[in-house]
Amino acid sequence: MKDSMIRGADIVVRSLIAENAEIIFGYPGGAIMPVYDALHDYHDQLRHVLTRHEQGAIHAAQGYARVSGKVGVCIATSGPGATNLITGLADAQIDSTPLVCITGQVASHLLGTDAFQETDVVGISMPATKWNIQVRRVEDIAPAIAKGFYIAKSGRPGPVLIDITKDAQTNFGEFNYSKCLGFRSYRTHIPVEKSAIQEAAFLINMAKRPYLLFGQGVVLGEAEEELKAFLDKSGIPAASTLLGSGALSEDHPNYVGKLGMHGNYAPNLLTNQCDVLIAVGMRFDDRVTGDLKRYAKQAKVIHLELDPAEINKIVKCEVAVLGSCKDSLSLLADAVNVNAYPDWMAKFQELADQENATVIQPDLKPTKAGLTMGEVIHQINQYKADDAILVTDVGQHQMIAWRYFNYKKPRTQVTSGGLGTMGFALPAALGAQMYDFSRQVVCVVGDGGIQMTIQELGTIMQTKAPVKIVLLNNNFLGMVRQWQQMFFDKRYSFTELDNPDFVKIAEAYNIQAQKVTERGDLQEAIEDMLIHDGPYFLEVVVEKEDNVFPMIATGCSVEEVRLS
Amino acid sequence: MKRYTIFVITENFIGILNRITIIFTRRGINIDALTASESRLEGIHRITIEVTASEDTVIQLVNQIEKIIDVIKAFYHEDESVVYQEIALYKIPVSRLDGGLEKIIRQHNAKIIAAEPDFVVLELTGHKEQTQELLEILKGYGLLEFARSGRVAVAKRMLTIDSFVK
């Protein structure tokens, strides 16, 4: 054996370092032990965060990836370690989050024999990954990792899983790392067609009531400046999807609000009054469109999209502009006229005023006794930094926090959008914070969701990540309860929770904690939390049976958005 | 609903077939027939899938197949724009061989490809309608076993796979 030969496990770690991974999240176990052994030698170059569950590791990697724009990395052992990653993979797949997940696997001679902790993770994870591979030979480790990073980050990003047998980790091989720069079956760059730009610009220049919807594609394509420039010139009103929030500052004059089931009144309703609809980096999720048969039928649709499989998948478009929206938006900005639509904008304003009077003011400045989720977010807005990151879980608090949080910067929004994964927020907030301890990371979570991954308070304790956890506690699975109230005759089937003393739990993890039940104490508590040096847990007991409005009920059209 | 032939040009990568078929499974679409083989270029495989669906659905299936990292190209054709063939094998007991059967074999252009003491095996290549017709007839001759392949097909369009493989 030559002196230059190193163990497969060392190749794994050195490959991660070669890809500029700085931090990885994981959990050890039998089949991944050689890699953990190798990590011991490189901890000055590659930081590992030990979570309390593999699901925590992958959600943390997602939070890290969303905030940093880099590839999130997590590692787990075979069998249950690997299967615990599946929810996070599915979440990252549907929300286009770049991840490289490395799992240990039983030794290659045991494959297929039902060996201890053997599971076919390549098979199980296939529908939930952009790409996956099993590596059985030491010489294949570095090329697989190089390809994995390239695939995860390029094109439409997504999760990659690399399953490495234990013998590949323990065998010796040469380490010559070369980054993957592309391969023949995978096209990442689609040049924008000039003719598509011309057609789109023609429609836009003729339009009387054009309307732009933007999604996370703008953030993933780093096209925030191009979006702003296009809107500045064209004067077109623009609304955001859930994951698009942050791509455009909410202070921008063309910004009219949020789309979707619990988005704003005007942006939903007026979708059915525009004459040209420009969809940028978004995929017409059913939570955005409502009843498709009655969605924007009057409009000519222009779809700016990187992924050809999204074109005409849900909404048929008049003009498809394939390619990165960074390219297409800037070409389109050159081709459209300087314009303004004062009458059209006034319509948005008129409906926004209605929403403000009926929903927003009662949410933010309630006159009734019980605390609202909205006023908590409103107070956070008063004291947060401009670049504060909001991480939310799934449910009522998610929709309220999204509605009222004042997004000013890109990559300040971390939530589980497509999959709706309860338990996402706490580990994702940890991951977001691990990227940068100097940033404010506010984790807003419900009493249901936090208990799905509450063990990650242990990771927060150990890393001292200064996450600010705001638990909005209504002792209910609030969103399900709201649906039961509205659509199931108020039959509250298994949605009420007897909860533990959350403050005691946080304190048991050595995290400073406070509980607020009275409006008078809220402002000071939030101020205390945000200036606190280190992690902080703030429980706010909110009204038990508040509902989130506006709402587009299932099966309804966007124009049937309800204010109450 | 119509019958379509989907061609997939792909790297020869473990699990690729699985990745392709789950796209159909997810949407609850049945694959009528599937064949896979190496193409005339080394390392590149060619998968032919026969499916009955609406054109809209087929377009989406093809787009999602093409999105698979190791798939080089996927496209679809209606029956009229491909030349295709299937092969069928029929096992008949020797005891039922008579003059009538000989006539049938001649009429259908079938071949006897194996003769054993107890049975003979007939082969017929053609479209499904043709192999099906013979099947119905042979049921009256004590047919012991029947097997039919998926479709192998080439497009009528003058495009070679080399143009996708750079």
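Residues numbered from 1 in each chain as written. Chains lettered and ligands numbered in written order. Predicted model: local features only at pLDDT ≥ 70, side-chain atom pairs only at ≥ 80, totals over all residues. Heavy atoms only, no water.

Looking at an unreviewed UniProt entry, one finds chain B named Acetolactate synthase small subunit, with Algoriphagus yeomjeoni as its source organism. The UniProt entry for chain B carries the following comment under Sequence similarities (unreviewed entry): "Belongs to the acetolactate synthase small subunit family." (UniProt positions renumbered as here; feature names shortened; annotations may be inferred.)

As recorded by an unreviewed UniProt entry, chain A carries the name Acetolactate synthase and is attributed to Algoriphagus aquimarinus. UniProt lists a comment for chain A under the heading Catalytic activity (unreviewed entry), and it reads "2 pyruvate + H(+) = (2S)-2-acetolactate + CO2". Entered under Sequence similarities (unreviewed entry) in the UniProt record, the comment concerning chain A runs "Belongs to the TPP enzyme family."

Turning our attention to the overall build of chain B. A count of helices and strands for chain B gives four helices and nine strands. Tracing chain B from N to C terminus, the helices and strands come up as β-α-β-β-α-β-β-α-β-β-α-β-β. With the principal axes as the frame, chain B shows a C-alpha extent of 55 × 35 × 30 Å. Classification of the 166 residues of chain B by burial places 42% in the buried group. Long-range contacts, defined as pairs at least 24 residues apart, comprise 77% of the intrachain contacts of chain B with a sequence gap of at least 6. Within the structure as shown, chain B displays about 8,800 Å² of accessible surface, and the carbon and sulfur contribution to it stands at 52%. Of note, chain B has its 21 positive side-chain charges centred 4 Å away from the centre of its 23 negative side-chain charges. (Helix = DSSP H or I, 4+ residues; strand = E, 2+ residues; numbered from the N terminus. Buried < 20%, exposed > 50% of the residue type's maximum accessible area, 1.4 Å probe, protein only. Contact = heavy atoms within 4.5 Å. Areas by Shrake-Rupley, 256 points an atom, 1.4 Å probe, with all protein chains shown as cover. Lys, Arg positive; Asp, Glu negative; His and termini not counted. Charge placed at Lys NZ, Arg CZ, Asp CG, Glu CD.)

If you tally the helices and strands in chain A, you get 22 helices and 20 strands. Looking at chain A as a whole, 61% of its 564 residues qualify as buried. Put simply, of all contacts in chain A between residues at least 6 apart along the chain, 77% involve residues at least 24 apart. A total of about 21,300 Å² of accessible surface is found on chain A, and carbon and sulfur atoms cover 50% of it. In chain A, 51 positive and 66 negative side-chain charges are present, and the distance between their average locations comes to 4 Å.

On to the pattern of salt bridges. Overall, the coordinates contain 41 salt bridges over all chains when judged by the stated rule. In this structure, the salt-bridge partner of Asp10(A) is Arg7(A), at a minimum N-O distance of 3.1 Å. Residue Asp10(A) shares its accessibility class with Arg7(A), and that shared class is buried. Put simply, Arg106(B) and Glu102(B) hold a salt bridge, and the shortest N to O gap is 3.0 Å. Residue Arg106(B) and its partner Glu102(B) are located together in helix H3 (residues 99–108), separated by four residues, close to a single helical turn. Overall, the relative accessible area of 62% leaves Arg106(B) in the exposed class. With relative accessibility at 43%, the residue Glu102(B) sits in the partly exposed group. Connected via shared salt-bridge partners are Arg3(B), Glu50(B), Asp79(B), Lys128(B), Glu129(B) and Arg151(B). (Salt bridge = Lys/Arg side-chain N within 4 Å of Asp/Glu carboxyl O.)

Cross-referencing UniProt, the feature "domain: ACT" (unreviewed entry) maps to residues 5–79 of chain B in the present numbering. For residues 5–79 of chain B, the end-to-end C-alpha separation is 7 Å, with 33% helix and 44% strand making up the annotated structure.

Residues and elements named next belong to chain A. Splitting chain A by domain gives domain 1 (5–174), domain 2 (194–347) and domain 3 (369–541). A straight line from the C-alpha centre of domain 2 to that of domain 3 covers 31 Å. Facing 21 residues of domain 2, the contacting portion of domain 3 comprises 19 residues. Here domain 2 and domain 3 share an interface that buries about 1,600 Å² over both sides, 59% of which is from carbon and sulfur atoms. Among the residues of domain 2 in contact with domain 3, Leu242, Lys258 and His262 are the three that bury the most area, contributing 38% of the side total. Between domain 2 and domain 3 we count one salt bridge in total. Between Asp251 and Lys408 there is a salt bridge whose closest N-O contact spans 3.9 Å. Taken together, domain 2 and domain 3 are joined by seven residue pairs in polar contact (both at pLDDT 80 or more). Residue classes in the side of domain 2 that touches domain 3 are distributed as seven nonpolar, eight polar and six charged. (Domains from an automatic or database assignment. Buried area = accessible area lost by both parts, 1.4 Å probe. Polar contact = N/O pair within 3.5 Å; in protein donor to acceptor, adjacent residues only side chain to side chain. Nonpolar A, V, L, I, M, F, W, Y, C, P; charged D, E, K, R; others polar.)

What follows concerns the domain arrangement of chain B. All names here are of chain B. Along its sequence, chain B is carved into domain 1 (1–80 + 152–161) and domain 2 (84–146). The distance between the C-alpha centroids of domain 1 and domain 2 comes to 31 Å. Between domain 1 and domain 2, the residue contacts involve five residues of the former and five residues of the latter. Of the roughly 450 Å² buried where domain 1 meets domain 2, counting both sides, 33% is carbon and sulfur surface. Considering only the side of domain 1, the residues that lose the most area to domain 2 are Arg3, Asp79 and Val152, jointly responsible for 68% of the buried surface there. Inspection of the region where domain 1 meets domain 2 yields two salt bridges. Across the salt bridge formed by Glu129 and Arg3, the nearest N and O atoms sit 3.6 Å from each other. The interface formed by domain 1 and domain 2 includes one residue pair in polar contact (both at pLDDT 80 or more).

In this section: the interface of chain B and chain A. Size of an interface: often given as the accessible area lost when the parts come together. Counting from both sides, the interface comprises 19 residues of chain B and, opposite them, 21 residues of chain A. Of the roughly 1,700 Å² buried at the junction of chain B and chain A (both faces included), carbon and sulfur atoms supply 52%. At the boundary of chain B with chain A, the tally comes to four salt bridges. Among the secondary structure elements, those contributing two or more residues to the side of chain B that touches chain A are helix H1 (16–27), helix H2 (55–67) and strand S4 (71–78) of chain B. The greatest single-element share of the side of chain B that touches chain A, amounting to five residues, is contributed by H2(B).

A word on the nonpolar core. Residues and elements named next belong to chain A. Tyr211, Leu212, Phe214, Phe230, Leu277 and Ile302 are the most contacted members of the largest nonpolar core, which totals 102 residues. Two domains each provide a minimum of three residues to this core, namely domain 2 (194–347) and domain 3 (369–541). Among residues more than four places away in sequence, those in contact with Leu212 are Leu227, Phe230, Leu231, Ile236, Pro237, Ala238, Ala239, Ile278 and Val280. Core analysis: the second largest hydrophobic core is formed by 49 residues, Tyr64, Leu99, Cys443 and Ile450 among them. (Core = buried A, V, L, I, M, F, W, Y, C linked by side-chain atoms within 4.5 Å.)

Moving on, we get to empty space enclosed by the protein. All names here are of chain A. If you walk through the whole model with that rule in mind, you get three cavities of 30 Å³ or more. Size it by volume and the largest cavity reaches roughly 80 Å³. Its residues placed into classes, the lining of the largest cavity shows two nonpolar, four polar and two charged. Counting only domains with at least three residues in the lining of the largest cavity, you end up with domain 2 (194–347) and domain 3 (369–541). (1 Å grid on protein atoms, 1.4 Å probe; cavity = no way out; pocket = protein on both sides within 12 Å on 5 of 7 lines; lining within 4 Å. Points joined across faces, edges and corners; volume = space filled by probe spheres on them.)

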